[in-house]
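For reference, the chains in residue letters:
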Amino acid sequence: MATRKVTLSLDTAAIEYAERAAKAHGISLSAWLSRAARREAVRTGYRAPARVGAERLAAADEAELAAAEKDLRAEG
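Residues numbered from 1 in each chain as written. Predicted model: local features only at pLDDT ≥ 70, side-chain atom pairs only at ≥ 80, totals over all residues. Heavy atoms only, no water.

**Description of the overall build of the chain**
Broken down by element type, the chain carries three helices and zero strands. Going from the N terminus to the C terminus, the chain shows its helices and strands as α-α-α. For the chain, the residues scored as buried account for 18% of the 76 residues in total. Taking all contacts inside the chain whose residues are at least 6 apart in sequence as the whole, residues at least 24 apart take part in 18%. Per element, the accessible surface of the chain, about 6,200 Å² overall, is 55% carbon and sulfur. (Helix = DSSP H or I, 4+ residues; strand = E, 2+ residues; numbered from the N terminus. Buried < 20%, exposed > 50% of the residue type's maximum accessible area, 1.4 Å probe, protein only. Contact = heavy atoms within 4.5 Å. Areas by Shrake-Rupley, 256 points an atom, 1.4 Å probe, with all protein chains shown as cover.)

**Concerning the environment of Leu 65**
By the secondary structure assignment, Leu 65 is in helix 3 (residues 54-75). As a C-alpha pair, Leu 65 and His 25 span 40 residues in sequence and 9.0 Å in three-dimensional space.

**Quick look at the pattern of salt bridges**
Within the structure shown, the criterion is met by one salt bridge. Between Arg 43 and Glu 40 there is a salt bridge; the shortest N-O distance is 2.7 Å. One end of the pair, Arg 43, and the other, Glu 40, are both in helix 2 (residues 29-43), three residues apart, so they sit about a helical turn from each other. The exposure class assigned to Glu 40 is partly exposed, which follows from its relative accessible area of 37%. (Salt bridge = Lys/Arg side-chain N within 4 Å of Asp/Glu carboxyl O.)

What follows is the structure, given as structure tokens:
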């Protein structure tokens, strides 16, 4: 997937949560933020053109998150 560098300003708590979540999922902060942004866009009603496939990617991310949460509950 193509990427583009951007500069963001996030509140301290948000970036700390994101960093911890990314580490827990074994992915980079950039990848975690990208997935989170995609999920939130779809959750709040954004519908990307079919050629982009954002909805499919967001659904896959949601499935991955659900599986991770299930694994965490099984360990606890």
